[in-house]
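# Analysis of the macromolecular model
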Amino acid sequence: MGMVGVQENGHGEKGLSSISLGTKNKYKRMDSELSDDHDDDPSHNHYQEERGRNIRKYVFACAVFASLNNVLLGYDVGVMSGAILFIQEDLKITEVQQEVLVGILSIISLFGSLAGGKTSDVIGRKWTMGLAAVIFQLGAAVMTFAPSFQILMIGRLMAGVGIGLGVMIAPVYIAEISPTVSRGSLTSFPEIFINLGILLGYVSNYAFSGLPAHINWRIMLAVGILPSVFIGFALFVIPESPRWLVMKNRVDEARSVLLKTNEIESEVEEKLAEILLAAGSGNADKSQEKAVWCELLRPSPAVRRMLVTGFGIQCFQQITGIDATVYYSPEIFKGAGIEGNSKLLAATVAVGVTKTIFILFAIIFIDKVGRKPLLYISTIGMTTCLFSLGFSLTFLGKGEIGIALAILSVCGNVAFFSVGIGPVCWVLTSEIFPLKLRAQASALGAVGNRVSSGIVAMSFLSVSRAISIGGTFFIFSAISALSVVFVHNLVPETKGKSLEQIELLFQEKYEFQGSEVELGDVEHLVQKQ
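Nothing here was measured: the structure is a model prediction, and the numbers come from that model.

### Topic: the overall build of the chain
A tally of helices and strands in the chain yields 26 helices and zero strands. In the chain, 84% of the contacts between residues at least 6 apart in sequence involve partners at least 24 apart. Carbon and sulfur atoms make up 66% of the accessible area of the chain, which amounts to about 20,200 Å² in all.

Listed below in structure tokens is the structure:
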């Protein structure tokens, strides 16, 4: 798919011109002829500046609206850490039921993510986000009024499917509408909104914890319905992904969206031609659908490298224990020596604030410093903090020094997570796959993320009982050290490259469909951009 027609004459000219890439040269000539006039024309410069500002605001708004579903996931993760204390008290659930209730959302969300790849290819990226919000709302409503553990689980399952859909589609959508120069920052937005949701969940815990146990946890869960109401409004504001429109042969609509999201009008035609080239002229019939799964199940060397990188970074994001740290932070702090529900929940608010603040560093630096340096800082920092948390819980007991080091280590761990692997993981999986595979391959990555999250969340208490909480964090520290090696060996730097150029990073001498293409041709195509 990635370079259909490139090898027709050995240098890609015929394949490129067949999809009107000649317009690219026309625009360059027009620009060169008119540049002198425009340079001296204040009104034109003012128009360009004003247009650029408006487009940046528009793309920013699209990224914000697309990320709203992620508030739901974050809120659920944050609020359940405190609500579970009161659910246990009200519904008298066992420790195993507690683990299942917390962890099942991640396991079930993988079905939503798997369905999301196909759904977003059929009905579009935008309406998949709307469907995710509706399913989550229904699940949250069922949980709010659940009279028993069984009904609570039904609502939890529905919420999980909605979250799975929303989590996989937001980064894909944002990556596909964002200009190359700001794609990393904008694609970090879903992770920011997860952090914001976690913080809101912690604050909700603290705010409603004083109410009777049979009411407070229901209010905590009900508040989670509110963000999804805004998503309904968002669907009438944001456009469909231009790359999805091209896949559906709706080229004129794609051109219209690109005009709204690209600051330089003269680049729109060449960008459109580039997308047409990557889409193989956008045929989305059943044979292509079959080809997608054939390519994923029997990948070419290039796609295999993409899958290993995308799936691996998603799994490492979770098996380093971030969800255990967030879901069970009250348990961790209790193990460190903090007593009383109010004090425990107040300490978790500090974790939420830290996690949210440090995500801002990722937004600022991801397109300046690059993806890989942030991953190094993140994984090395997490390894250190997880080890120090294990050390404090195991060797320092419940004194003041132990409590201080435990709080510092947990806050440090979530801070380093937010600076790097938290947001960068989603950025990478939304940008490394070819257009034809992007939605469904990203869905597979999200499945790896959710399965890893579920396994960690559902086993944390049991493993902690067996080898102590401190021992569990020593294991997380060792896994985090492995993630440093993974990043070094298998993750490429994608900063400043278009989605189509990133595809070439993995191809080396392989073309997407498995036939060879000369390295000179690849370089030639990159230069043509």
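Following the structure, the description resumes.
### Focus on the packing of aromatic side chains
Centre-to-centre distance and the angle between the planes together describe a pair of aromatic rings. Evaluation of the coordinates by the stated rule reveals seven aromatic pairs. Taking 5.5 Å as the distance between ring centres and 70 degrees as the angle between the ring planes, the aromatic pair formed by F473 and F476 counts as edge-to-face. Linking F473 with F476, this pair stays in helix α24 (residues 469-490), spanning three residues, or about one helical turn. In this structure F473 comes out as buried when scored by relative accessible area, which is 0%. Taken together, the ring pairs connect F460, F473 and F476 into an aromatic cluster.

### Remarks on the packing of helix α20 (residues 371-395) against helix α22 (residues 421-431)
α22 packs onto α20 with a crossing angle of 140 degrees between their chain directions and a minimal axis gap of 9 Å. Taken as axis vectors, α20 and α22 run oblique relative to one another. In the crossing of α20 with α22, the sense of the turn from one axis to the other is left-handed. Note on element contacts: α22 touches α20 through I421, V424, V427, L428 and E431, opposite R371, L374, L375, S378, T379 and M382. A class-by-class count of the residues in the contact of α20 with α22 yields seven nonpolar, two polar and two charged.

### Looking at unusual backbone geometry
Although it is not a glycine, K92 adopts a positive phi angle of roughly 55 degrees. Here the phi dihedral of S468 falls at roughly 80 degrees; this positive angle occurs in a residue that is not glycine. Tracing the sequence through the fold places S468 in the loop between α23 (435-467) and α24.

### With respect to the environment of R125
For R125, the position within the fold is in helix α6 (residues 125-144). Residues R125 and S241 lie 116 residues apart in sequence; the distance between their C-alpha atoms is 6.6 Å. Sequence-distant contacts of R125, defined by excluding residues within four places in its chain, comprise S120, I169, V172, Y173, E176, E240, S241, W244, M247 and A439. A distance of 2.8 Å separates the side chain of R125 from the side chain of D121, its partner in a polar contact.

### Quick word on the nonpolar core
Counting 118 residues, the largest nonpolar core has I87, L152, F460 and F473 as the members making the most contacts within it. Looking at this core, you find at least three residues from each of domain 1 (47-283) and domain 2 (299-528). Ignoring sequence-local partners within four residues, the contact set of L152 consists of I87, L91, L101, M143, A146, W217 and L221. Within the second largest apolar cluster, 12 residues are counted, among which are W244, V257, L272 and L435.

### A short note on a nonpolar patch on the surface
Among the surface-exposed residues, V353, I357, F358, L360, F361, I364, F365 and V369 lie close enough to one another that they form a single nonpolar patch of about 630 Å² accessible area. Its place among the elements puts V369 in the loop between α19 (341-365) and α20.

### A look at the packing of helix α9 (residues 189-208) against α19
Relative orientation of the contacting elements α9 and α19 amounts to 165 degrees, with a least axis distance of 9 Å. Classed by the angle they form, the pair α9 and α19 counts as roughly antiparallel. In the packing of α9 onto α19, the handedness of the crossing is left-handed. Across from F189, E191, I192, N195, L196, I198, L199, Y202, V203, N205 and Y206 in α9, the residues of α19 making contact are S342, L345, A346, T348, V349, V351, G352, V353, K355, T356, I359 and I363. For the contact of α9 with α19, the per-class residue count stands at 15 nonpolar, six polar and two charged.

### A few points about helix α5 (residues 95-123)
Helical geometry note: an α-helix holds 3.6 residues per turn, so side chains three or four residues apart project in the same direction. For α5, spanning 29 residues, the distance from its first C-alpha to its last is 41 Å, which sits close to the expected 42 Å at 1.5 Å a residue. G103 marks the point of greatest bend in α5, at about 40 degrees.

### As for the pattern of salt bridges
Scanning all chains against the criterion turns up nine salt bridges. Between D252 and R255 there is a salt bridge; the shortest N-O distance is 2.9 Å. Of this pair, D252 and R255 both sit in helix α13 (residues 251-261), three residues apart, which is roughly one turn of the helix. D367 is paired through a salt bridge with R371; the nearest N and O atoms lie 3.0 Å apart. On the accessibility criterion, R371 (0% relative accessible area) is buried. In this structure, a network of salt bridges that share partners links the residues D121, R125, E176 and R438.

### Examining α6
The end-to-end C-alpha separation of α6 is 29 Å, in line with the 28 Å expected for 20 residues at 1.5 Å each. For α6, the full list of buried residues reads R125, K126, T128, M129, G130, A132, A133, F136, G139, A140, M143 and T144.

### Side note on the environment of G402
You can see G402 is positioned in helix α21 (residues 400-419). Placed 67 residues apart in sequence, G402 and G335 show a C-alpha to C-alpha distance of 10.0 Å. Setting aside anything within four residues of it in sequence, one finds G402 in contact with S392, L396 and G397.

Reading the values: the criteria
- Residues numbered from 1 in each chain as written.
- Predicted model: local features only at pLDDT ≥ 70, side-chain atom pairs only at ≥ 80, totals over all residues.
- Heavy atoms only, no water.
- Helix = DSSP H or I, 4+ residues; strand = E, 2+ residues; numbered from the N terminus.
- Contact = heavy atoms within 4.5 Å.
- Areas by Shrake-Rupley, 256 points an atom, 1.4 Å probe, with all protein chains shown as cover.
- Phe/Tyr/Trp six-rings, centres within 6.5 Å; stacked < 30°, edge-to-face > 60°.
- Buried < 20%, exposed > 50% of the residue type's maximum accessible area, 1.4 Å probe, protein only.
- Axes fitted to C-alpha atoms, helices over the stretch in contact; angles between N-to-C directions.
- Parallel < 35°, antiparallel > 145°, perpendicular 65-115°, else oblique.
- Left-handed = near helix turned anticlockwise from the far one by under 90°.
- Nonpolar A, V, L, I, M, F, W, Y, C, P; charged D, E, K, R; others polar.
- Polar contact = N/O pair within 3.5 Å; in protein donor to acceptor, adjacent residues only side chain to side chain.
- Core = buried A, V, L, I, M, F, W, Y, C linked by side-chain atoms within 4.5 Å.
- Domains from an automatic or database assignment.
- Patch = residues over 30% accessible without salt bridge, like charges linked within 9 Å, V, L, I, M, F, W, Y side chains within 5 Å.
- Salt bridge = Lys/Arg side-chain N within 4 Å of Asp/Glu carboxyl O.
- Expected span 1.5 Å × (residues − 1).
- Bend = angle between axes of the 7 residues up to and from the residue.

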